[in-house]
Amino acid sequence: MTAAPVPSPPALGGDRWNTFPGTGTSLTAREFLAAVEPLLQGVIDDNALTAADGPVLETQIRATLALGTREASLPLAVGTDGAPAAREIAGQAERIGGELASWAAASLERLLAERIPLPAGPLAVRSRCHGHLLTPQAVDLLMVTRGGPVTIQLYNEWLHQVVLLRDALLPFANWREVPLAVTPAGLRHTEPARDAFLTELLVRRVRHAAVVDFARAVVTGDAERRGPQGYGFAARGGTALPAVLDLPVREAPRYLLTWRPDTGGGARDTGGGTVTYTARTSDYHAAPRTRVEELPPAARAAHAPLTARVVPDPAQDGVRTASIEVTRAGETVRVDLGQALRGHRFAHRTGDAPEGGPRTRADGVRSRPAPGSAPGDGTAGGASGTASLSDAATGRGAAEAVGDGPTAGAPATADPWRVLRAPGLVWSRAGAVSVDAAGRADLVVLALLGSLYPENVSLGPVGLPDPGTAGGAGRPSPLAVLTDR
């Protein structure tokens, strides 16, 4: 018996501008931009465009994908005092938009020289208007002295698909590698999830859970949120988790995700669907706490290195938790990954100042280094998750460790291992406390952030003056996690 012939995909032309099957197709940004080129070819053919018209359309796509222009498709104006999430996403929009515009300009230049064949005849696509403003020159080229209804609808569809592409990539730090679910309508199926995400972005402080929801929708093609809100998800083909797990903790974005494709090294128990990563404690205010003053003295006998790794738990009913497992001299503690990521998002990052000049303390007060003091020369911790340096604290001269008899009037320094082993979240109202994480791997620093009550916590380099002692009425005293520069 001979096998039935596999039907060939429908030919491009007429009202068909792509050959995507109904379901199961995923494309990266560059692949999708190439897939929508027939629409651009239709514009060129219907309007008899030449190389001389290229600059007009390049200017248009750059204006549409930029922020702050008259033609901007994303009216997101964020100043230096804006919410961290909005600033982060605005930066993403500018970076992605600029690169997509360059790719689109290259596509246009190539299509003007080497056209795509349309075997089924000239394209004529109905595209509903989405209010994308055109430059005066583009209006003239596509609608007035030249062009017409067919041209402008083809161009509107191409432009809108590129805008949807830019917006679908906003949640991802490594956006070039993300596989986006596509249908015969391109990315139009993402519109409901996109509208919900952009509405929250523009009218309130966008939640990290909203970023994850939108990311899940564009990767899986399912616009409906499945399961509880979380900080990441696993789906067919890979996992999306916060970018700090792959980048230096002090430099990593707070809200963006990294897509990690499955490499075949281990099966993911997704049950054929999507698994959401959730924090063990949804309300950290209600979590148990331990005061810094109650921590036992730091061990002086041996200073073994700290190692750390992320350990996911088995998925149950579409939900999974995970921990950062930190080991020292054969003893292991676990910190909830969700709480650690929450601590990273909430921590205030102190800035580095020029060598020898004013410095910013962990509590934001600018001061100068003490006479004769040398700037810190620590090297940035790697993102490997394993600390190879000694567990001995560096820069502890300002104060003795908590429980070892602190110097009168000096801020206390809490031993990192004691903080990690403490039950609940560590906090204080008895004055400022520093946790010296110099030389630690980034996962160890992240675990420390997950062990602290995440209010009035700062993250900054060693060698800076210790934080002030005022916690404010009803607020915890400052806790500074001191890191390498």
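Attention here is on the structure that accompanies the text. None of these values were measured; they are calculated from a predicted model.

Conventions used here
- Residues numbered from 1 in each chain as written.
- Predicted model: local features only at pLDDT ≥ 70, side-chain atom pairs only at ≥ 80, totals over all residues.
- Heavy atoms only, no water.
- Helix = DSSP H or I, 4+ residues; strand = E, 2+ residues; numbered from the N terminus.
- Buried < 20%, exposed > 50% of the residue type's maximum accessible area, 1.4 Å probe, protein only.
- Pairing = 2+ DSSP bridges.
- Contact = heavy atoms within 4.5 Å.
- Axes fitted to C-alpha atoms, helices over the stretch in contact; angles between N-to-C directions.
- Arc of directions from axis to C-beta.
- Core = buried A, V, L, I, M, F, W, Y, C linked by side-chain atoms within 4.5 Å.

**Quick word on the overall build of the protein**
Okay, step 1: Helix and strand counts for the protein come out as eleven helices and 19 strands.
Okay, step 2: The buried share of the protein, taken over its 485 residues, is 52%.

**Focus: the sheet that holds strand S3 (residues 232–235)**
By definition, the strands of a sheet pair up through backbone hydrogen bonds, in either a parallel or an antiparallel sense.
Okay, step 1: The strand order across the open sheet formed by five strands is S5-S4-S3-S6-S9, and the pairing between neighbours is mixed. Here the strands that pair on one side only, and so sit at the sheet edges, are strand S5 (257–261) and strand S9 (319–320).
Okay, step 2: Here five bridges tie strand S4 (residues 238–242) to S5, and the two strands are oriented antiparallel to one another. Looking at S5, one finds that Thr239 is bridged to Arg260.

**Here we look at the environment of Ala185**
Okay, step 1: Mapped onto the elements of the fold, Ala185 is located in the loop between strand S2 (180–182) and helix H7 (191–203).
Okay, step 2: Since its relative accessible area comes to 34%, Ala185 is described here as partly exposed.
Okay, step 3: Considered as a pair, Ala185 and Gln161 are 24 residues apart in the sequence and their alpha carbons are 9.2 Å apart.
Okay, step 4: Once residues lying within four places of it in the same chain are set aside, the contact partners of Ala185 are Trp17 and Gln161.

**As for the sheet that holds strand S11 (residues 331–336)**
Okay, step 1: With respect to topology, three strands assemble into an open sheet ordered S8-S10-S11, the strand pairing being antiparallel. Unpaired on one side and paired on the other, strand S8 (306–312) and S11 mark the two borders of the sheet. Here the strands of the sheet are splayed against their neighbours by 25° on average, with no regard to which way each runs.
Okay, step 2: Pairing of strand S10 (residues 322–328) with S11, which is carried by six bridges, proceeds in the antiparallel orientation. When the bridges of S11 are listed, Ile324 appears paired with Val335.
Okay, step 3: The sheet strands contacting helix H9 (residues 337–346) are S8, S10 and S11, and the helix crosses S11 at an angle near 65°.

**Some points on helix H5 (residues 136–144)**
Okay, step 1: Listed as buried for H5 are Ala138, Leu141 and Leu142. All buried residues of H5 lie within an arc of 80° about the axis, which places them on one face of the element. Of the residues in H5, the exposed ones pointing more than 90 degrees away from the buried face are Pro136 and Val144.
Okay, step 2: Elements in contact with the buried residues of H5: helix H2 (37–47), helix H3 (54–65) and helix H6 (149–168).

**Some details on the nonpolar core**
Okay, step 1: Counting residues in hydrophobic clusters, the biggest one holds 78 residues, and the most contacted among them are Trp158, Leu165 and Phe172.
Okay, step 2: Of the residues forming this core, the biggest block, twelve residues, is contributed by helix H4 (residues 84–113).
Okay, step 3: For Leu165, the residues in contact, after removing those within four places along its chain, are Ala29, Phe32, Leu33, Leu100, Leu180 and Leu187.
Okay, step 4: The next biggest cluster of nonpolar side chains, apart from the first, holds 46 residues, and it includes Val244, Val292, Leu306 and Ala308.

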